[in-house]
Amino acid sequence: MRTQAKSKKEPLYVLLISVHGLIRGEQLELGVDADTGGQCTYVLDLAKALAAHPQVAKVDLMTRLIDDPALAADYAQPEETLSQHARIIRFPCGPKRYMRKETLWPYLDQMVDRCLHYLRQQGRLPDVIHSHYADAGYVGRQLSMLLGIPLIHTGHSLGRPKQARLLSSGRKAANIEKQFNFERRIAEEEALMQHASLIVTSTRQEIELQYGMYPHPDPKRFKVIPPGTDTSRFSPPGRQAIAPAVEQSIYRFLQQPKKPMILCICRPEIRKNIKGLIAAYGNNLALQKRANLVLVAGCRDNIRALEKSQATVLNELLLDIDQYDLWGKVAIPKHHAQEAVPELYRMAAKSRGVFINAAFTEPFGLTLLEAAACGLPVIAPDDGGPRDILANCHHGLLVNTLDPIAMGDTLLAALSDKTRWRAWAKNGVLNVKRHYTWAGHVNKYVKEISALLHKQRKNWRKQQIALHQGKSPIPLAQHAFITDIDNTLLGRRDGQEALVAWLIDNVGYTVFGIATGRPVDSAIHILRKHRIPIPDVLITSVGSEIHYGLRRIPDIGWANHIRHLWRREDIQQALKAIPGIRLQSADNQREFKISYLVDPQVMPTVDDISQHLRGQGLHAQLIYSHGEFLDVLPIRASKGHAIRYLSYKWGLPLANFLVSGDSGNDIEMLTGDTMAVVVGNHSEDLAHLKGAPRVYFAEATHAHGILEGMQHYKFGIQPTKAQAHTHSQVIMEGR
Ligand SMILES: O=c1ccn([C@@H]2O[C@H](COP(=O)(O)OP(=O)(O)O[C@H]3O[C@H](CO)[C@@H](O)[C@H](O)[C@H]3O)[C@@H](O)[C@H]2O)c(=O)[nH]1
Ligand SMILES: O=P(O)(O)OC[C@H]1O[C@](O)(CO)[C@@H](O)[C@@H]1O
């Protein structure tokens, strides 16, 4: 299969990623915990609206597969259809059970790998990847780098402002780090700001005040595209009666249920300031007389069984209701179904009540749009999202939510002026349709993406990137050819040229890779010198690093994999005691490789050195070569392991790999399921492989030997004379 440059008109394939929380097509469970709120509904609405756009052919919303007896089986379905062009795809990520987002970081690489396999099955790569929140940002950034596809990112909520808020509330840095894993999150957010081609925000203030807390935000990468709300669900009350079950779920708490409702819908989270709201209501007797307070703060069976931070919010809530003696005036329903949510807004509108968002800060605030669409005026924090929304919708008032007395007074004033109330209700319904529809969002979004892709295509043309255009060929290629460099690929000029012609003929069909002891810079330098196109995959420093293509994108998954038990500093320290070895120059030292020069007369045996390290509780592999070098590597790092990892990661069977080598450090990659070729000029340490299954010993030497092996295995599309003339052109492009 050959990778093609995309024609301008071809409709788009968008891959959305939102890892945490609970996402399904119907009956979203929102407010269940701190991770199930606005973002879940945002990504689902976005997926559906995008798929309805005429320029979009396909939308996949990738999320975590959760197989938890405490939850509906829906979250364990690998695929769910949302509409003709949109679906949810779910991949495992760590343990099967539900986990809060801060604990998912160690497992995210699994999603990257599963997605690569999935794309292979699809036979098509997305045009853009769009990640939501920092965890999905990590997955999206890896995929974007590995595949050469632009990344769009939406933060929804950022680590630095949250960390600053928690610190200023008096919490200890070490405790909040333990609970929220800020270091990892903020590092990823910084990386995303460098890597993403486009960052979509809901407001301008989000760019200035939130992203502004990070180093060097590049204003050109940001685009404000506010979300929409689903007006087919959220609509004004009209004449229809409210569903009796919904009414009942509220009335059962209230002494005078027909009074106006002050409605608050939010996740039970400290930032949402439910405590301040109770104080506002509890301290204002006139307000209590005028209206009931209805708090919809997620669903609960047993507060004691909830996660600690939510349990604290709800416990405080109950204690505060008791302290102000608000029994009979406050409703706090235990459960609500998703179809009940619009009904709750309508019920509040019918009662001539108001909606309140009492949060200390609110990046955007989807509930304010939902209320507007249902004809319910709002009181909201004088902060980013609400400021923009109220400036557009004119459906209520802003208030200082840090001041409970001001909040109480503002609520009372809003409920008392009937003419103003009617104007707000009308404004909300009209203006939300004018400013906040998903169709409007998606129109702007598709224009931005199209401009981005257009610019990128132009760049590719300018750079004339080697064998293919920008996107990686690996996910769709059927075969891989991986070779050692020195004395295998290189060594005879005529052989090299014939091999380059073969590579050109096999573009898109075969992945081209090298596996070498050289560090990556040195490998690229020598390949350029010999006019060999830059490989799709570079396994370097004896398998301790993997990079991709011209841009040398590192495979972070591999680094994470081999980091296991690797204590570089301690190993280097322990080896100081070994006679007959001295460190090679700094440019030969890598994060996962310590290299020594050896005096064979003095150095103890490799087994003795291994034992010395083991005695100190250290784990490493020692590779002794050519009687003069000693490389110390993590136990999982080697050329052979790297090839097996690539096979697994990219979903390409090991049997479809042709590998070639000449010496001892190639043994591991030459044995096993691969199609192995040992070149004619091989060293003695490979002789014992003669007769081993799937190991071909070529007569010819160097690159000629590789080509002989390819013929033996009938590997690849064989070169034709007509195609061979493109050779010099590609070499130039590869430089
Ligand atoms: O018990 C509940 C609580 C919430 N919701 C729904 O959950 C959503 C909450 O969204 P939002 O008010 O925007 O708040 P967050 O959950 O905090 O969402 C985050 O992400 C949103 C989308 O980017 C931003 O609008 C917010 O500012 C940001 O804090 C709304 O659809 C609510 O109707 C429920 O259905 N039941
Ligand atoms: O408190 P945090 O970690 O900043 O996150 C806020 C959360 O709000 C949500 O958007 C609610 O859906 C989450 O997805 C997001 O994780």
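Rules of the game
Residues numbered from 1 in each chain as written. Chains lettered and ligands numbered in written order. Predicted model: local features only at pLDDT ≥ 70, side-chain atom pairs only at ≥ 80, totals over all residues. Heavy atoms only, no water. Near = heavy atom within 4 Å. Polar contact = N/O pair within 3.5 Å; in protein donor to acceptor, adjacent residues only side chain to side chain. Areas by Shrake-Rupley, 256 points an atom, 1.4 Å probe, with all protein chains shown as cover. Helix = DSSP H or I, 4+ residues; strand = E, 2+ residues; numbered from the N terminus. Nonpolar A, V, L, I, M, F, W, Y, C, P; charged D, E, K, R; others polar. Domains from an automatic or database assignment. Buried < 20%, exposed > 50% of the residue type's maximum accessible area, 1.4 Å probe, protein only. Contact = heavy atoms within 4.5 Å. Phe/Tyr/Trp six-rings, centres within 6.5 Å; stacked < 30°, edge-to-face > 60°. Pairing = 2+ DSSP bridges.

Draft legend 1. Geometry of the site of ligand 1. As a structural note, the neighbourhood of ligand 1 is formed by 27 residues, with Gly38, His156, Arg267, Glu362 and Glu370 the closest of them. Side-chain polar atom of His336 to a nitrogen atom of ligand 1: 2.9 Å apart, as the coordinates give it. Within the backbone of Phe364, one N or O atom sits 2.8 Å away from an oxygen atom of ligand 1. Contact with the protein chains removes 97% of the 690 Å² of surface that ligand 1 exposes when unbound. Looking at the shell around ligand 1, the elements with two or more residues in it are helix H1 (38–51), helix H12 (340–350) and helix H13 (366–373). Residue classes in the shell around ligand 1 are distributed as 11 nonpolar, 11 polar and five charged. For the shell around ligand 1, the domains that each give at least three residues are domain 1 (12–224) and domain 2 (244–435).

Draft legend 2. The environment of Leu277, seen in detail. Here Leu277 shows up in helix H9 (residues 274–282). Looking at Leu277, the relative accessible area reads 0%, which means it is buried. If near-sequence neighbours (up to four positions away) are discounted, Leu277 is found in contact with Cys264, Leu293, Leu295, Ile356, Ala358, Met407 and Leu411.

Draft legend 3. Geometry of the site of ligand 2. Taken together, His20, Ala34, Gly37, Gly38, Gln39, Lys101, Tyr133, Ser157, Lys162, Arg185, Arg267 and Glu269 make up the full set of residues near ligand 2. At a separation of 2.3 Å, an oxygen atom of ligand 2 approaches a polar side-chain atom of Ser157. Between an oxygen atom of ligand 2 and a side-chain N or O atom of Arg267, the distance comes to 3.2 Å. Protein chains bury 96% of the 380 Å² of accessible surface belonging to ligand 2 in isolation. Looking at the shell around ligand 2 residue by residue, the class counts come to two nonpolar, five polar and five charged.

Draft legend 4. Quick look at the packing of aromatic side chains. Inspection of the entire model under this criterion finds 12 aromatic pairs. An angle of 40° between the planes, with centres 5.5 Å apart, marks the rings of Tyr345 and Phe355 as tilted. Within this pair, whereas Tyr345 is found in helix H12, its partner Phe355 is found in strand S12 (residues 354–356), the two being separated by 10 residues in sequence. For Tyr345, a relative accessible area of 0% corresponds to the buried category. Ring plane angle 10° and centroid distance 5.8 Å describe the contact between Trp502 and Phe715, whose orientation is recorded as stacked. Here Phe715 lies in the loop between helix H26 (702–713) and helix H27 (721–724) and Trp502 lies in helix H19 (residues 493–505), a separation of 213 residues in the sequence. Take Phe715: its relative accessible area is 1%, and that puts it in the buried class.

Draft legend 5. Region of interest: the sheet that holds strand S26 (residues 695–697). The sheet built from eight strands is open, its strands ordered S19-S18-S17-S16-S15-S24-S25-S26 with mixed pairing. Pairing within the sheet leaves two strands with one partner each, and these edge strands are strand S19 (553–554) and S26.

On their own, these measurements won't tell you what the molecule is for.
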